[in-house]
Amino acid sequence: MAASPHSPNSTFRRLRGQHSPAEFAALVRRAAKEIGETVSCDARYIGRVESGEIRCPNYAYERVFLHMFPGRTLADLGFSPRESVRGRSGRRAPLSLPLHRSPSSAKESDVLRRAFMAGGSATVAAATLSLTLLGDTRRLPSRAGESEAAAVEDAVRQIRLLDDRHGADALYRRAAEPLRTAYALLDAGATRQSTEDRLHSGAGELAVSVGWLAHDSGRFDDARSHYAEALATARVARDAGLEAHAFSNMAFLARDCGRSREAVRAAQAGLRAARSLGSPRLLSLLALREAGGWAGLADRKACEEALTRAHTEFSRGESDADPEWMSFFGQAELESLEARCWSALGEHARAARHARRAADLQDPHFARNVALYTAELAGDLARAGAPDEAAWAGGRVLDLLAEVQSTRIRSMLAETAETLIPHQRSPRVAAFLTRRVTV
């Protein structure tokens, strides 16, 4: 029997069995990969389902849950019928999301968050994301409620999902609208303190996500502004997790801009913010950010010390305290970040070994990261004196650019091509150089 709007979903809790919420969330993510779906499931999401807060999952989670429990319906899993959930229609319109109920009207307004993917053959040429009120910001509710907070959180998840699949270039401009809406909601205030806390966190995470889209598409000044906005939001809300996230991305941006000492200082500030959060994986990521800064400063000893700390923290495994946004950080990303350190220190053959492991370990479903890691591999191989192998890796990246739009990856390929020009008598290198110009 489906859970009522205010009752716990005891059926789903029984299905979890002896697994902890974090363990079960990992099983959900694994099942999603099996069917080519992407969900950012964590212990908090499982808790929301079991408490009855999530009465009916979105379509991505629905497909995953039905895959995990074949032969059962959503009702068998304790969920309410989709058409009975306020603000949701019974028709299959992916990514439609209720935002708020005006206090002066019984009619429910919708916030639309949709991703439209268009392209030739099976290739995605663009992705559009919007989260806007019917009308404009003048029609915001007098006070934001739980549905508004949930809408902002879901917009963050959708941006991350689309970025994983298609890269940032097609998303950045369109993601500015949900960010404006989120901060307008924050300015309007909330019905209760817990909701306002969620809005602060959600708006800040959205600012980080939009900043990343700017970062990955080469708009470094815009990225810096968005990251600073996220950091300010974190400090106003005294949200240590958001502060650590903002500093992590600021360190990454500083490294990419050649400001290595700033990268070190930002990473160390993130580490201070993260120490009380109980997430070894977050500490590992921030140590890697610090290592990247030290590598840029050519301080090998400090870099190696930071890498050692990163590996030690990573080996402690996943934790219930790991932030949802860190779902990208696994062994493949660790290998990639270490590869960048060795590359900056001039050890390109060693960097290539780590970059190859990163590309091999990455789930093919995350096309952007596969392209990124393979582009890193191509660059390291070219600088290590293996031009034919570099051209082969570069060709793989060109294949992936049919569905991934990332200025950063294209810039990396351009640098690799420049390194390979002296070797253009090689047929494989020549083919790569010719093809890169036309793609």
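Scroll up to find the structure this text is about.
Computed from a predicted model, the values in this text were never measured in an experiment.

Taking 1.5 Å of rise per residue, the 15 residues of helix 10 (residues 260–274) would be expected to cover 21 Å, and the 21 Å separating its terminal C-alpha atoms lies within 8% of that figure. Ser260, Ala263, Val264, Ala266, Ala267, Ala269, Gly270, Leu271, Ala273 and Ala274 are the residues of helix 10 that are buried. Tucked into the core, helix 10 has its buried residues touching helix 9 (240–256), helix 11 (280–296) and helix 12 (300–315).

In this section: a positive patch on the surface. Taken together, the side chains of Arg261, Arg265, Arg272 and Arg275 define a basic patch exposed on the protein surface. Among the secondary structure elements, arginine 272 is positioned in helix 10.

Taken as a whole and assessed by the stated rule, the structure comprises 22 salt bridges. With a closest N to O distance of 3.7 Å, glutamate 153 and arginine 44 form a salt bridge. Placement of glutamate 153 in helix 5 (residues 146–166) and of arginine 44 in helix 3 (residues 43–51) is noted, with a sequence separation of 109 residues between them. In this structure glutamate 153 comes out as buried when scored by relative accessible area, which is 10%. With a shortest N-O distance of 3.0 Å, glutamate 290 and arginine 309 are connected by a salt bridge. Pair noted here: glutamate 290 is in helix 11 and arginine 309 is in helix 12, with a separation of 19 residues, a long-range link.

Turning our eyes to something else, we now look at the packing of aromatic side chains. Applying the stated criterion across every chain yields a total of ten aromatic pairs. Linked through ring pairs, Phe12, Phe24, Tyr45, Tyr61, Phe65 and Phe79 together constitute an aromatic cluster. Cation over ring: arginine 281 sits above phenylalanine 314, and NZ or CZ is 3.7 Å from the ring centre. Over the ring of tryptophan 342 we find arginine 350, and its NZ or CZ is 3.7 Å from the ring centre.

Let's shift gears to unusual backbone geometry. Look at arginine 238: it is not a glycine, yet its phi comes out positive at around 55°. Note that arginine 238 resides in the loop between helix 8 (220–237) and helix 9. Take arginine 238: its relative accessible area is 78%, and that puts it in the exposed class. Positioned with a positive phi, alanine 298 is a non-glycine residue whose angle comes to about 65°.

The next point concerns the nonpolar core. Within soluble globular proteins, side chains that are nonpolar generally end up buried alongside one another. Judged by nonpolar contacts, the single largest core of 40 residues is most densely connected at Leu199, Leu206 and Leu213. Residues Ala359, Tyr373, Ala386 and Leu433 belong to the second largest nonpolar core, which totals 33 residues.

Here helix 2 (residues 21–34) crosses helix 4 (residues 59–68) at 95°, and the two axes come no closer than 9 Å. With respect to helix 4, the axis of helix 2 lies roughly perpendicular. Contact residues: Phe24, Leu27, Val28, Ala31, Ala32 and Glu34 in helix 2; Tyr61, Val64, Phe65, His67 and Met68 in helix 4. Here the contact of helix 2 with helix 4 is composed, by residue class, of nine nonpolar, one polar and one charged.

On to the environment of alanine 302, then. For alanine 302, the position within the fold is in helix 12. For alanine 302, a relative accessible area of 16% puts it in the buried group. In this structure, the C-alpha to C-alpha distance between alanine 302 and glutamate 290, residues twelve residues apart in sequence, is 9.0 Å.

Each value, and the rule that gives it
- Within each chain, residue numbers correspond to sequence positions counted from 1 in written order.
- pLDDT decides what is reported in this predicted model: residues at 70 or higher carry local features, side-chain atom pairs at 80 or more are listed and counted, and totals for whole chains, interfaces and linings draw on all residues regardless.
- The basis for every side-chain value is the complete set of non-hydrogen atoms in the structure, without hydrogens or water.
- Every helix listed is a DSSP run of H or I at least four residues long, and every strand listed is a run of E at least two residues long, numbered separately from the N terminus.
- Working rule for helices: expected span equals 1.5 Å times residues minus one.
- In this scheme, a residue with accessible area under 20% of its type's maximum is buried, one over 50% is exposed, and one in between is partly exposed, where area comes from a 1.4 Å probe on protein chains only.
- The contact rule is simple, with two residues in contact once any of their heavy atoms fall within 4.5 Å.
- Distance thresholds for patches are 9 Å for like charges and 5 Å for nonpolar side chains (Val, Leu, Ile, Met, Phe, Trp, Tyr), applied to residues having over 30% relative accessible area and no salt bridge.
- Note on areas: Shrake-Rupley with a 1.4 Å probe; residue coverage comes only from the protein chains shown.
- The term salt bridge refers to a pairing of a side-chain nitrogen on Lys or Arg with a carboxyl oxygen on Asp or Glu at a separation within 4 Å.
- Two residue types count as positive, namely Lys and Arg, and two as negative, namely Asp and Glu; His and chain ends fall outside the count.
- The atoms used to mark charge sites are NZ of Lys, CZ of Arg, CG of Asp and CD of Glu.
- Geometry of aromatic contacts follows a simple scheme: Phe, Tyr and Trp rings, the Trp one being its six-membered ring, pair when their centres are within 6.5 Å, and the pair is stacked under 30 degrees between planes, edge-to-face over 60, tilted otherwise.
- For a Lys NZ or an Arg CZ to count as sitting over a ring, it must be within 6 Å of the ring centre and within 35 degrees of the ring normal.
- As used here, the term nonpolar core means buried Ala, Val, Leu, Ile, Met, Phe, Trp, Tyr and Cys residues forming a set that is joined through side-chain atoms within 4.5 Å.
- Orientation is described by lines fitted to C-alpha atoms, with helices fitted over the stretch in contact, and by angles between N-to-C directions that extend from 0 to 180 degrees.
- Any angle that is under 35 degrees is reported as roughly parallel, and any over 145 degrees as roughly antiparallel; angles of 65 to 115 degrees are reported as roughly perpendicular and all others as oblique.
- We call Asp, Glu, Lys and Arg charged. Ala, Val, Leu, Ile, Met, Phe, Trp, Tyr, Cys and Pro are nonpolar, and the rest, Gly among them, are polar.

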